[in-house]
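Structural characterization, general
One-letter residues, chain by chain:
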Amino acid sequence: MIKILKADITTLQVDAIVNAANNSLLGGGGVDGAIHRAAGPQLRQYNQTLGGCPTGEARISPGFELPARYVISTVGPVWHGGNQGEAGLLENAYRNSFRIAQDNGIETIAFPAISTGVYAYPKEQAARIALGAMKDFENKFEQIIVACHSEGDVEIYRKISKEFERAKG
Ligand code: APR
């Protein structure tokens, strides 16, 4: 089941929260900064052992001081206008996060709107890609949460989710 809600992802009591990280995995701003602040310094120390993460791939770490048991860090694409494979990389970021979650027995998972902040991916296009991947994995997880940081983002996801429902007929 997919739930769309306005939430600070660092507060969610789920098996795993997904972090919109950068290739270093060593923290940054946005949701990355919030997750590292809430997880504590051990997250960065642990991630230093991972040797980075290519765009579109995902890595898993303990949640440390977060309520979530795990952090799945994935790296979304920077938006460069849409002709540099951004859509495929964003889809890979969602799908690889789901795959690493399945490999670790994770049943409840929360995602931020990957790449739509600093990386400037257009929100509606990103939401369509995110929901497409989530629908594909929906029956493999107990709960998939889209943790939106603003009401505006909630509206975008809800609108596109309705498009998917209509298309399903
Ligand atoms: N909970 C949920 N969502 C959040 C939170 C939070 N606490 N903080 C920010 N967001 C939302 C943003 O509003 C945006 O919708 O997460 C989404 C992703 O935005 P960014 O965090 O800017 O991530 P992204 O666009 O993928 O850029 C990644 O930013 O912080 C750096 O190190 C990071 O270099 C990387 C880049």
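Everything below is about the structure shown above.
Bear in mind the structure is a predicted one, so any value in this text is a computation, not a measurement. (Residues numbered from 1 in each chain as written. Predicted model: local features only at pLDDT ≥ 70, side-chain atom pairs only at ≥ 80, totals over all residues. Heavy atoms only, no water.)

Let's talk about the pattern of salt bridges
Basically, it comes down to this: Think of a salt bridge as a Lys or Arg side-chain nitrogen and an Asp or Glu carboxyl oxygen that are within 4 Å of each other. In this description a helix means any DSSP run of H or I spanning at least four residues, a strand means any run of E spanning at least two, and both kinds are numbered starting from the N terminus. Think of it in three bands: with a 1.4 Å probe and only protein chains considered, a residue is buried below 20% of the maximum accessible area for its type, exposed above 50%, and partly exposed in between.
The final tally for this structure, using the stated rule, is eight salt bridges. Among the salt bridges present, the one from E124 reaches K159, with a minimum N-O distance of 2.7 Å. Of this pair, E124 sits in helix 4 (residues 123-137) while K159 sits in helix 5 (residues 151-168), placing them 35 residues apart in sequence. Take E124: its relative accessible area is 32%, and that puts it in the partly exposed class.

Details of the site of the ligand
Put simply, the rule reads: A single heavy atom is enough: if one lies within 4 Å of a molecule or strand, its residue is considered near that molecule or strand. Counted as a polar contact is a pair of N or O atoms within 3.5 Å, where, for protein atoms, one must be capable of donating a hydrogen and the other of accepting one, and residues adjacent in sequence contribute only when both atoms are in side chains. Every accessible area reported is derived by Shrake-Rupley at a probe size of 1.4 Å, with residue values counting cover from the shown protein chains alone. Here the term charged refers only to Asp, Glu, Lys and Arg, the term nonpolar to Ala, Val, Leu, Ile, Met, Phe, Trp, Tyr, Cys and Pro, and the term polar to all other amino acids, Gly among them.
Around the ligand sit 22 residues in total, of which N22, G29, V31, D32 and G117 are the nearest. Side-chain polar atom of D32 to an oxygen atom of the ligand: 2.7 Å apart, as the coordinates give it. Contact with the protein chains covers 90% of the free accessible surface of the ligand, which is 690 Å². A per-element tally of the shell around the ligand places helix 1 (residues 30-39) first, with four residues. In terms of residue class, the shell around the ligand is made up of ten nonpolar, nine polar and three charged.

Observations regarding the packing of helix 3 (residues 86-103) against helix 4
Helix packing geometry: the angle between the two helix axes and the distance between the axes. Here is the rule we go by: Angles shown run from 0 to 180 degrees and are taken between the N-to-C directions of axes, each axis being a line fitted to C-alpha atoms and, for helices, limited to the stretch in contact. Every angle not falling under 35 degrees, over 145, or within 65 to 115 is termed oblique; those three ranges are roughly parallel, roughly antiparallel and roughly perpendicular. Rotating anticlockwise by less than a right angle from the far helix to the near helix defines a left-handed crossing, while the corresponding clockwise rotation defines a right-handed one. A contact between two residues is defined here by any heavy atoms of the two lying within 4.5 Å.
Where helix 3 contacts helix 4, the axes come no closer than 9 Å and their chain directions differ by 30°. In this view, helix 3 runs roughly parallel relative to helix 4, as classed from their interaxial angle. Crossing of helix 3 against helix 4: the hand is right-handed. Along its contact with helix 3, which presents A87, L90, E91, Y94, R95, F98, R99 and Q102, the element helix 4 presents A126, I129, A130, A133, M134, D136 and F137. Split by residue class, the contact of helix 3 with helix 4 holds ten nonpolar, one polar and four charged.

Some words on helix 5
Quick reminder of the rule: To estimate the expected span of a helix, subtract one from its residue number and multiply by 1.5 Å. Note: the arc covers the axis-to-C-beta directions of the helix.
If you check helix 5, its first and last C-alpha atoms are 26 Å apart, about what 18 residues at 1.5 Å a residue would give, namely 26 Å. Buried within helix 5 are the following residues: D153, V154, I156, Y157, I160 and S161. Seen from one end, helix 5 has its buried residues packed into an arc of 160°, which puts them on one side. The outward face of helix 5, more than 90 degrees from its buried face, is lined by the exposed residues K162 and R166. Buried positions along helix 5 lie against strand 1 (2-6), helix 3, helix 4 and strand 6 (143-148). Just downstream of helix 5, G169 is the residue with a positive phi angle, here 80°.

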